Amino acid sequence: MPTNLLSAAECKNANSNGASVRKLSDGDGLYLWVYLDGRKYWRMRYWQVGKEKSLSLGVYPKVSLSDARKKRDEVRKQLQDDLDPSAERKAANLRKKLAAENSFEAVAREWHGKQLHTWVPHHASDVKRRLENNIFPTIGKRPIDQIEAPELLQTVRKIEARGAYDLAHRVLQVCGQVFRYGIATGRCTRNLSTDLRGALTPHKKQHQAAVRPEELPELLRAIAKYDETGDKQTRLALQLLAQTFVRTNELIGADWAEFDLNNALWIIPAGRMKMKAEHVVPLSKQAVFILTELKNMSGSSRLVFPGRNRNKPISNNTMLFALYRLGYKGKMTGHGFRAVASTILNEAGFNPDVIERQLAHCERNEVRGAYNRAEYLPERKRMMQYWAEYLESVEAGGKVIPLHGHVA
């Protein structure tokens, strides 16, 4: 054993004695290098194949005297096993680097970045937040190919423990997409989410509230009288939403530049659509009339539905709260107009593909969808005019359920 061992006090109080660097030995090749400016570093000198080499063991006092001695002993063990400590360190650092690049979090963030051009901003934000809040804190740093199914299940069950059963299923679904991306890019070989099918508490999917077809006439009459308790712009917004059954965000963000009233068309740009594909909405005569009224109200604003700040649209909640005031809280939402339109138009005998295209649901064939924004346009124009006349009829007291394209 070396006899000239350093003490903790000597390490703490050591200085360079005016030299640019002073080397204090602790024996067996371990030195504390003390610089003129007070910096202190642990280094180890060793010999291999007759050649002297040096290895850094860390910065003092972050690496204490006892820690430095442990590191020295590890290096000596490697030397006894005929290993090159410097090469071993480089290999270990490379493994750490690869593990970090192939961690679940790294792969997930890479996958997320690849999807951004296909998602609307709020959905991209939701996916990112779900991963950051629920997955990354537990398995984010783990190499994706080393995660096991029970480990993923334990992580997702923490979400279940909060009573968030729907969120647990959504997060597991996202994890499945990350694993599939990991397989495609060679970072892992299994999609663990498939191993967990049936392992989560079943949940009943909550659909957004929508009135039944037989309740629609009463709702339309209530909306028509909304000016008595609310403002005209909100009433027209609800009526246009019923006419076009677009998504609420697509309606409130409408810009006058998107409309061709002479040809009765509304072309919503891809950037505002959920599926990131341009969408054509044929406008009925009734919808054009509503838009003409709105144009007179919007003044110089570029927006169809400007809020108090004329450069920003009305709130997402404007129409929802209006439905609350009309007594439809928990019974109807803006999204509900899509559901009721789909139900009635299908019962009326319209081609389901035409209806789905007008609802701007996901195009199964992305290439086909990209070149067919006007797909079924003649049929859609007839359907949208039919729908407008149907709304007028039932609001005035006509029969509720049309059959095979006829309003009785």
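An account of the accompanying structure is given in this report.

Basis of the calculations
- Residues numbered from 1 in each chain as written.
- Predicted model: local features only at pLDDT ≥ 70, side-chain atom pairs only at ≥ 80, totals over all residues.
- Heavy atoms only, no water.
- Helix = DSSP H or I, 4+ residues; strand = E, 2+ residues; numbered from the N terminus.
- Polar contact = N/O pair within 3.5 Å; in protein donor to acceptor, adjacent residues only side chain to side chain.
- Contact = heavy atoms within 4.5 Å.
- Pairing = 2+ DSSP bridges.
- Axes fitted to C-alpha atoms, helices over the stretch in contact; angles between N-to-C directions.
- Buried < 20%, exposed > 50% of the residue type's maximum accessible area, 1.4 Å probe, protein only.
- Lys, Arg positive; Asp, Glu negative; His and termini not counted.
- Salt bridge = Lys/Arg side-chain N within 4 Å of Asp/Glu carboxyl O.
- Core = buried A, V, L, I, M, F, W, Y, C linked by side-chain atoms within 4.5 Å.
- Arc of directions from axis to C-beta.

### Points about the side chain of Thr155
By the element assignment, Thr155 lies in helix 7 (residues 149-160). In this structure the side chain of Thr155 is engaged in a polar contact, spanning 3.4 Å, whose partner is the side chain of Thr138. Separated by 3.0 Å, the side chain of Thr155 and the backbone oxygen of Glu151 make a polar contact. Those residues within four positions of Thr155 in sequence are excluded, and the remaining contacts are Asn134, Ile135, Thr138 and Ile139.

### What about the sheet that holds strand 2 (residues 30-35)?
Taken in spatial order, the four strands make up an open sheet running 1-2-3-4, and their pairing is antiparallel. Looking at strand neighbours, the two that pair on one side only are strand 1 (21-27) and strand 4 (51-60), the edges of this open sheet. Taken pair by pair, the neighbouring strands of this sheet meet at an average axis angle of 30°, ignoring direction. Along the sheet face, helix 2 (residues 65-80) touches strand 1, strand 2, strand 3 (40-48) and strand 4 and points at about 15° away from the line of strand 3.

### Concerning the side chain of Arg338
Of note, Arg338 is situated in helix 15 (residues 336-347). No salt bridge is formed by the buried Arg338; the nearest opposite charge belongs to Glu250, separated by 5.0 Å. Not counting residues within four places of it along the chain, the set of residues in contact with Arg338 comprises Phe245, Val246, Arg247, Leu359 and His361.

### Quick notes on the sheet that holds strand 7 (residues 279-282)
Hydrogen bonds between backbone groups are what pair the strands of a sheet, and the pairing can be parallel or antiparallel. The antiparallel open sheet is built from three strands, whose spatial order is 5-6-7. Each of the sheet's edge strands pairs with one partner strand only, and the pair in question is strand 5 (259-260) and strand 7. With two bridges connecting them, strand 5 and strand 6 (residues 265-268) associate as antiparallel partners. Residue pairing for strand 6: Phe259 is matched across the bridge by Trp266.

### Structural notes on the nonpolar core
Leu216, Leu219, Leu251, Trp266, Leu294 and Trp387 are the most contacted members of the largest nonpolar core, which has 55 residues in total. Of the residues forming this core, the biggest block, seven residues, is contributed by helix 18 (residues 377-395). For Trp387, the residues in contact, after removing those within four places along its chain, are Leu216, Ala242, Gln243, Phe245, Val340, Ala341, Ile344 and Leu345. Counting residues in hydrophobic clusters, the runner-up holds 30 residues, among them Phe104, Ile135, Ile144 and Leu200.

### A closer look at the pairing of strand 2
For strand 2, the tally of buried residues reaches five of six residues, placing the bulk of the element in the interior. Pairing of strand 1 with strand 2 involves six bridges; the strand directions are antiparallel. What sits directly across from Gly27, in strand 2, is Leu30. From the end of strand 1 to the start of strand 2, which pair antiparallel, there are two residues, and Asp28 there has a positive phi angle of about 55°. Taking the residues that link successive antiparallel strands as the turn, the strand 2-strand 3 hairpin has four residues, and the phi of Gly38 there is positive, at about 100°.

### So, helix 10 (residues 216-224)
Turning to helix 10, its buried residues number three or more, namely Leu216, Pro217, Leu219, Leu220 and Ile223. All buried residues of helix 10 lie within an arc of 160° about the axis, which places them on one face of the element. Elements that come into contact with the buried residues of helix 10 comprise helix 11 (232-244), helix 14 (317-325), helix 15 and helix 18.

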